[in-house]
Amino acid sequence: MSDPVLSTGPDALEETLGRLSKKPGVKATIVLDRASGAILKTSGQVSAVRKINSTSSSLPTQTTGSFSSDAATNTTAGPSTQEQGFQELAAIVWNFIGTAGGLVQQLDTEDELKLLRLRTKKQELVIVPDVKYLLIVVHDTPPA
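Residues numbered from 1 in each chain as written. Predicted model: local features only at pLDDT ≥ 70, side-chain atom pairs only at ≥ 80, totals over all residues. Heavy atoms only, no water.

Per an unreviewed UniProt entry, the recorded name for the chain is Roadblock/LAMTOR2 domain-containing protein, and the organism is Cercophora newfieldiana. In its Sequence similarities (unreviewed entry) section, the UniProt entry covering the chain states "Belongs to the GAMAD family." (UniProt positions renumbered as here; feature names shortened; annotations may be inferred.)

On to the pairing of strand β2 (residues 39-44), then. Note that strand β1 (residues 26-33) and β2 share five bridges and pair antiparallel. Along β2, the bridge assignment pairs V31 with K41. (Pairing = 2+ DSSP bridges. Helix = DSSP H or I, 4+ residues; strand = E, 2+ residues; numbered from the N terminus.)

This part covers the environment of G85. Note that G85 resides in helix α4 (residues 81-107). Take G85: its relative accessible area is 0%, and that puts it in the buried class. Along the backbone, G85 and S47 are 38 residues apart, and their C-alpha atoms lie at a distance of 7.4 Å. (Buried < 20%, exposed > 50% of the residue type's maximum accessible area, 1.4 Å probe, protein only.)

Turning to the pattern of salt bridges, a few remarks are in order. Summed over the entire model, instances satisfying the criterion amount to four salt bridges. With a shortest N-O distance of 3.6 Å, K41 and E14 are connected by a salt bridge. Of the two residues, K41 is situated in strand β2 and E14 in helix α2 (residues 10-22); the sequence distance between them amounts to 27 residues. Its salt-bridge partner being E124, residue R117 comes within 2.7 Å of it at the nearest N-O pair. (Salt bridge = Lys/Arg side-chain N within 4 Å of Asp/Glu carboxyl O.)

We now examine the nonpolar core. Buried together is how nonpolar side chains tend to be arranged in soluble globular proteins. Within the largest apolar cluster, 20 residues are counted, with the highest numbers of intra-cluster contacts made by L32, V93, I97 and I136. Here this core gets eight residues from one element, more than from any other, and that element is α4. Setting aside anything within four residues of it in sequence, one finds L32 in contact with G37, A38, I39, L40, A90, W94, K132, Y133, L134 and I136. Formed by nine residues, the second largest nonpolar core is a distinct cluster that contains L20, V31, Y133 and V137. (Core = buried A, V, L, I, M, F, W, Y, C linked by side-chain atoms within 4.5 Å. Contact = heavy atoms within 4.5 Å.)

Here we take up a negative patch on the surface. Together, D108, E110, D111 and E112 line one region of the surface with negative charge. Here D108 shows up in the loop between α4 and β3 (116-119). (Patch = residues over 30% accessible without salt bridge, like charges linked within 9 Å, V, L, I, M, F, W, Y side chains within 5 Å. Areas by Shrake-Rupley, 256 points an atom, 1.4 Å probe, with all protein chains shown as cover. Lys, Arg positive; Asp, Glu negative; His and termini not counted. Charge placed at Lys NZ, Arg CZ, Asp CG, Glu CD.)

So, in structure tokens, the structure goes:
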């Protein structure tokens, strides 16, 4: 994707995230590294997006990227519940993007994934893949 907002650097990224965070209904924003899935920037409250279970992690297992099983098992002196919630959500979305991108490639090898909207009764995730980043915006689902 050639979105100039995400491609021009950290200042433009901060400005874009600031604007998005102020929009009505936006619960959270997450920016991930496209290659590794590492969280680069977050805003908002993940508890408003996803129920966090502090006794067990539902983090999907993955062999590559920054979401290995050690991230889920590090509960002593590890990340806060908020950070863990963002890590789990980021891992789920990163895996989803990988699967969706694979589907697009199987349909047409010359095509690419540009935007995903995942809408539920409670919220909507808008996922914008860029060459370097994945931008995830979670917001309330407007009434139909």
